[in-house]
Amino acid sequence: MFQVFAGSGARKKYADDEQQRTDAPDQSADGEVQHVHICILGTGFSGLGMAIRLKQRGYKDFVVLEKAEDIGGTWRDNTYPGCACDIPSHLYSFSFALNPNWSHMYSPQREIQAYLCDCAQHFGILPHIWWNNELRDASWSDDEQRWHITTSQREFTTDILILGNGPLSEPALPHISGIENFEGEIFHSAKWRHDLDLTGKRVAVIGTGASAIQFVPQIQPKVAHLALFQRTPPWIVPRLDHPISEEKKRLYRLLPFTQRFVRTRIYLRQELTALGMVYNQKAMEKGMQFAREHLTRQVADPELRAKLTPHYAMGCKRILVSDDFYPAVAQPNVEVITDHISEVRTRSVVTEDGQEHEVDVIICGTGFHVTDARLPQCVRGRGGQTLADAWSESIHAYMGTAVPGFPNLFLLIGPNTGLGHNSMVYMIESQLSYLLDCFRTMERKQAQVVEIRSEVEAAYNDEVQQRMQKTVWASGCVSWYLDARGRNTTLWPGFTFEFRRRTRRFDRQNYDLLPQYIPLTT
Ligand SMILES: Cc1cc2nc3c(=O)[nH]c(=O)nc-3n(C[C@H](O)[C@H](O)[C@H](O)COP(=O)(O)OP(=O)(O)OC[C@H]3O[C@@H](n4cnc5c(N)ncnc54)[C@H](O)[C@@H]3O)c2cc1C
């Protein structure tokens, strides 16, 4: 039985494994460009999960490209104080690698990253990773029926390309007039400046999303003044985080089915929320009442409470969990500012009411490029068309996985696979099974190329968008779930078990399969 020991020196063990790191040359001995069967992008839950499942199935000829020099994606990059998952750890982890040693119900970032490092090590993935290799270009060749890959370090070809580059990996800075002239320190929460001591500083925080509500309570006690610029208040429910006792950990180690039972219970509880978000918005009423009571309990000042009270349907934006955000913003050194920012000057932030707020540091908790990421610009399918071109109107993919015109290209947690209520790892694992079955089918049918039929993909996306109309996400709020045209291209509009059912088997009837390429000269 696989058991990881997150938080108990995992980082050191990983460092000891340094010699396992591959730095294979990009040219074979006779000067030909190296070829690999499968190339995976990224070492977050997606890329790493894919690599592990391939390895378990006996695949050897695959590489994992990683632009950074460590594992973890989201959990490597987001190191801000207080960073932790907001789906309980028992569920926010691989089903094939339960960790009986989670320290908390919602474990902190370091522990999640250590868990991913342990998984990579335990399943023998480290030798497959090409570190510091940023994907710069991926071009499909119809003649050769393979992808030509250019990274920051090498060139090679691959039969199959799997993108696990993550929907939340490109931090988005706000477009505010004059922000480039700010003379203090400014940074994004995903690139936390640990070298900067915030003690006694006047700090502006822009945004009150999932990251900000985690780091604001951590920095509030040390800063002189915190100006919190809020566009829309989030719905916040109690987190009820707590350490997991040593007895429970022992039980999970001894009898792993008990942890699986807890995991299933959490899954079902989380899944219930989809009922209100997707099928019956009235079901959210109870949740809103619960959240209002939480606010009332934690914030005594009616004026501040009014500022923090959301006026849109719960679930339309991500529902947040916190026990310490409201108490932190109720402190005398915090000011919640709801007027929109009009400009940033060399030493201040100015709001539309003309007020000038002098600050030393600006922290942007302003989210990520979700529907407008850079990577699609460098992936070229048939005829040289980029993924960005194919997505010029809006991003779309069959099962969030396959795009017509891009043979042998697969996306992990691509368009419309996001969740507002449950663990993304569940969605990732659904896709991993789907792809393994796809590769098995390719082998059985001796197919070199698979490509989703465009009419199938179009019908699928119509269905998704049709279903989206009735959800809480279409109830009128502004959120990062929506693209510039107001389409929700981010979330899965249903129960996650429906997604799992639909991806359990590779549906080859919906794809064109081309046979192995045999040059005429042979
Ligand atoms: C602060 C935060 C908290 C979150 N909490 C939760 C939670 O509690 N529950 C939940 O379900 N979800 C949560 N999420 C969502 C989270 O992003 C996903 O759950 C999951 O971690 C995504 O994994 P991934 O592997 O797809 O992407 P990532 O973790 O983003 O990994 C992508 C990897 O690809 C690499 N990469 C990207 N571009 C390139 C390139 N061009 N070349 C080479 N390598 C590249 C990156 O370096 C990175 O290592 C959270 C997200 C954030 C930001």
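Not measured: the values here are computed from a predicted model.

Caption draft 1: Up close: the pattern of salt bridges. The final tally for this structure, using the stated rule, is 20 salt bridges. Between lysine 249 and glutamate 246 there is a salt bridge, with the nearest N and O atoms lying 3.2 Å from each other. Here lysine 249 and its partner glutamate 246 are both found in helix α6 (residues 246-254), 3 residues apart, which amounts to about one turn of the helix. Overall, glutamate 246 belongs to the partly exposed group, its relative accessible area being 43%. Glutamate 343 is the salt-bridge partner of arginine 345, the closest N and O atoms lying 3.0 Å from each other. The partly exposed category is assigned to arginine 345, whose relative accessible area is 34%. Among the charged side chains, a salt-bridge network with shared partners connects Glu463, Arg467, Glu498 and Arg502.

Caption draft 2: Inspection of the confidence of the model for the protein chain at higher detail. For the protein chain, the mean per-residue pLDDT works out to 93, and 93% of the residues sit at or above 70. Low pLDDT, under 50, characterises residues 18-27; the stretch is placed with 24 contacts to residues that sit more than four places away or in other chains.

Caption draft 3: Highlighting the state of the cysteines. Following the criterion strictly, the structure yields 1 disulfide and no others. Note that cysteine 316 is cross-linked by a disulfide to cysteine 477, the S-S spacing being 2.0 Å. Looking down the S-S bond of the cysteine 316 and cysteine 477 bridge, the torsion is -95°, so its handedness is left-handed. Placement of cysteine 316 in the loop between α9 (302-308) and β11 (320-321) and of cysteine 477 in the loop between α13 (454-468) and α14 (496-502) is noted, with a sequence separation of 161 residues between them. Side by side, cysteine 316 and cysteine 477 carry an identical accessibility label, which is buried. As a non-bridged cysteine, cysteine 83 has cysteine 85 as the owner of its nearest cysteine sulfur, 8.9 Å distant. For cysteine 117, which is in no disulfide, the shortest distance to another cysteine sulfur is to cysteine 119 and amounts to 9.2 Å.

Caption draft 4: Structural view of the site of the ligand. The environment of the ligand is formed by 33 residues, the closest being Ser46, Glu66, Asp86, Tyr92 and Met424. Within the contact set of the ligand, a nitrogen atom lies 2.8 Å away from a backbone nitrogen or oxygen of leucine 135. One of the backbone N or O atoms of methionine 424 is found 2.8 Å from an oxygen atom in the ligand. Taking 980 Å² as the accessible area of the ligand by itself, protein coverage stands at 95%. For the shell around the ligand, the secondary structure elements donating two or more residues are α2 (45-56) and α3 (74-77). Among the elements that take part in the shell around the ligand, α3 stands out by supplying 3 residues, more than any other. Considered class by class, the residues forming the shell around the ligand number 14 nonpolar, 14 polar and 5 charged.

Caption draft 5: Structural context of the packing of aromatic side chains. The final tally for this structure, using the stated rule, is 26 aromatic pairs. Residues phenylalanine 94 and tyrosine 115 carry aromatic rings whose centres are separated by 6.3 Å and whose planes lie at 35° to one another, so their mutual orientation is tilted. Pair noted here: phenylalanine 94 is in the loop between α3 and α4 (109-122) and tyrosine 115 is in helix α4, with a separation of 21 residues, a long-range link. For tyrosine 115, a relative accessible area of 0% puts it in the buried group. When the centroid spacing of 5.6 Å and the interplanar angle of 65° are considered together, the rings of tryptophan 140 and tryptophan 147 count as edge-to-face. An identical accessibility class is assigned to tryptophan 140 and tryptophan 147; each is buried. An aromatic cluster is built from Phe45, Trp75, Tyr92, Phe94, Phe96, Trp102, Tyr115 and Phe123, whose rings are joined through pairwise contacts. The side chain of arginine 467 reaches across the aromatic face of tryptophan 492, ending 5.7 Å from its centre. Positioned over the ring face of tyrosine 426 is arginine 500, at 3.8 Å from the centre of the ring.

Caption draft 6: Up close: the sheet that holds strand β7 (residues 185-188). Sheet architecture is open: 5 strands sit in the order β7-β16-β8-β9-β12, paired in parallel fashion. Each edge of the open sheet is held by one strand with a lone partner, namely β7 and β12 (334-337). Along the sheet, successive strands turn relative to each other by an average axial angle of 15°, direction set aside. Two strands pair when backbone bridges link them, and strand β9 (residues 225-229) and β12 are joined in this way by 4 bridges, in the parallel orientation. Bridging from a neighbouring strand, leucine 228 pairs with valine 336 of β12.

Calculation rules
Residues numbered from 1 in each chain as written. Predicted model: local features only at pLDDT ≥ 70, side-chain atom pairs only at ≥ 80, totals over all residues. Heavy atoms only, no water. Salt bridge = Lys/Arg side-chain N within 4 Å of Asp/Glu carboxyl O. Helix = DSSP H or I, 4+ residues; strand = E, 2+ residues; numbered from the N terminus. Buried < 20%, exposed > 50% of the residue type's maximum accessible area, 1.4 Å probe, protein only. pLDDT = per-residue confidence, 0-100. Contact = heavy atoms within 4.5 Å. Disulfide = S-S within 2.5 Å. Near = heavy atom within 4 Å. Polar contact = N/O pair within 3.5 Å; in protein donor to acceptor, adjacent residues only side chain to side chain. Areas by Shrake-Rupley, 256 points an atom, 1.4 Å probe, with all protein chains shown as cover. Nonpolar A, V, L, I, M, F, W, Y, C, P; charged D, E, K, R; others polar. Phe/Tyr/Trp six-rings, centres within 6.5 Å; stacked < 30°, edge-to-face > 60°. Lys NZ or Arg CZ within 6 Å of the ring centre and 35° of its normal. Pairing = 2+ DSSP bridges. Axes fitted to C-alpha atoms, helices over the stretch in contact; angles between N-to-C directions.

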